[in-house]
Amino acid sequence: MAHKLPALPFSYDALEPYIDAATMELHHDKHHAAYVDNLNKVLEPYPHLAERPLEDVLSHLDHVPETIRTAVRSFGGGHANHQLFWETLAPNEFRPPRGAIAAAIARDFDSFERFQSLFSGAATTHFGSGWVFLVVRPSTGRLEIVPLPNQDSVLGRGTPPLLACDVWEHAYYLKYANRRPEYLAAWWNVVAWDVVDERLRDVVAGT
Ligand code: MN
């Protein structure tokens, strides 16, 4: 069964004015689609890998033949990371997190403002292309900010992701040119905190 590009959970212009429709269309229909297409092409000669859930494959890259390992890491990671990115965005006016996620952020980062500043700092200073994730360590329930280069997957590291921020230039260049901090300031307005909260509750509940 080939991997599929998931439909965007909202229209291209739903995140305006923070993320523009042209960027969303290009980002989803071209960039994310290319990761899925390339992943399927690379896995085609390996049906036993193509049939496995992507998270399993990315969790055990050492089981992937060396000749396709780098490609699977990039295209598979790109597919998984973008899927998470769309899922944790929402066309809502900014409101601070509520519920379990709000309590966990206050406990682990002192305040939401300090968390935002640490996360934005990691995203601003991340050199080149990559991602910044908020993850949770299941054994302790503690939250951690994890930057990763290129399309390295956040899956299979033992710390389930709650939130993803794409800092590749293709995520913001059309509207913000090289001004990554402006994109980040806008991105906070469209974070789906209710989804992030639900993801945290699922991990804590052990599902
Ligand atoms: Mn991207």
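The rules behind the values
Residues numbered from 1 in each chain as written. Predicted model: local features only at pLDDT ≥ 70, side-chain atom pairs only at ≥ 80, totals over all residues. Heavy atoms only, no water. Donors = N, O, S within 2.8 Å, 3.2 Å for Na, K, Ca; no water. Buried < 20%, exposed > 50% of the residue type's maximum accessible area, 1.4 Å probe, protein only. Helix = DSSP H or I, 4+ residues; strand = E, 2+ residues; numbered from the N terminus. Contact = heavy atoms within 4.5 Å. Pairing = 2+ DSSP bridges. Axes fitted to C-alpha atoms, helices over the stretch in contact; angles between N-to-C directions. Phe/Tyr/Trp six-rings, centres within 6.5 Å; stacked < 30°, edge-to-face > 60°. Domains from an automatic or database assignment. Buried area = accessible area lost by both parts, 1.4 Å probe. Salt bridge = Lys/Arg side-chain N within 4 Å of Asp/Glu carboxyl O. Polar contact = N/O pair within 3.5 Å; in protein donor to acceptor, adjacent residues only side chain to side chain.

All right, on to the coordination of the manganese ion then. Here the manganese ion is held by His27 (NE2), His82 (NE2), Asp166 (OD) and His170 (NE2), and the distances to it run 1.9 to 2.1 Å. Mapped onto the polypeptide sequence, the residues donating to the manganese ion form the spacing pattern H-x54-H-x83-D-x3-H. The class for Asp166 is buried, based on a relative accessible area of 0%.

Take His32: it is sitting in helix H1 (residues 21–43). By relative accessible area, His32 is classed as buried at 0%. With sequence-adjacent residues up to four places away left out, His32 is seen in contact with Leu5, Pro6, His27, Gly78, His79, His82, Gln83 and Trp86.

Turning to the sheet that holds strand E2 (residues 142–149), a few remarks are in order. Taken in spatial order, the three strands of this open sheet run E2-E1-E3, and their pairing is antiparallel. The sheet terminates laterally at E2 and strand E3 (161–166), the two strands that pair on one side only. Going from strand to strand, the sheet's axes swing by 20 degrees on average, the running direction of each strand aside. Where helix H9 (residues 193–204) meets the sheet, it contacts strand E1 (130–137), E2 and E3, and its direction lies at approximately 140 degrees from that of E3.

Under the definition given, this model contains 15 aromatic pairs. Between Phe112 and Phe115 the ring centres are 6.1 Å apart and the planes differ by 40 degrees, which places this aromatic pair in the tilted class. Of this pair, Phe112 and Phe115 both sit in helix H6 (residues 112–125), three residues apart, which is roughly one turn of that helix. Taken as a pair, Phe112 and Phe115 share a single burial class, namely buried. With a centroid separation of 6.3 Å and 85 degrees between ring planes, the pair formed by Phe112 and Trp188 is classed as edge-to-face. Residue Phe112 is located in helix H6, and its partner Trp188 is located in the loop between helix H8 (180–187) and H9; the two are separated by 76 residues in the primary sequence. Members of the aromatic cluster, connected to one another through ring pairs, are Phe109, Phe112, Phe115, Phe119, Trp187, Trp188 and Trp193.

As far as domains go, the protein holds domain 1 (21–87) and domain 2 (99–205). Between the C-alpha centres of domain 1 and domain 2 the distance comes to 21 Å. Contacts between the two partners involve 19 residues from domain 1, matched on the other side by 22 residues from domain 2. Summed over both sides, the interface between domain 1 and domain 2 buries roughly 1,600 Å², with carbon and sulfur atoms accounting for 60% of that surface. When residues of domain 1 are sorted by the area they lose upon contact with domain 2, Asn81, Leu84 and Phe85 head the list and together hold 35% of the total. Viewed at the interface, domain 2 and domain 1 are joined by two salt bridges. Among the salt bridges present, the one from Arg199 reaches Glu87, with a minimum N-O distance of 3.3 Å. Between the two partners, domain 1 and domain 2, sit eight residue pairs in polar contact (both at pLDDT 80 or more). Of all the secondary structure elements, the ones that give two or more residues to the side of domain 1 that touches domain 2 are H1, helix H3 (54–59) and helix H4 (66–87).

Right, let's get into the pattern of salt bridges. Tallied over the entire structure, the rule returns nine salt bridges. In this structure, Asp152 engages Arg73 in a salt bridge whose closest nitrogen and oxygen atoms are separated by 2.9 Å. Residue Asp152 is found in the loop between E2 and E3, and its partner Arg73 is found in helix H4; the two are separated by 79 residues along the sequence. Taking relative accessible area as the criterion, Asp152 reaches 14% and is therefore assigned buried. The salt bridge involving Arg107 is made with Asp108; its shortest N-O contact spans 2.8 Å. Overall, Arg107 belongs to the partly exposed group, its relative accessible area being 45%. Here the salt bridges do not stand alone but share partners, grouping Arg107, Asp108 and Arg142 into one network.

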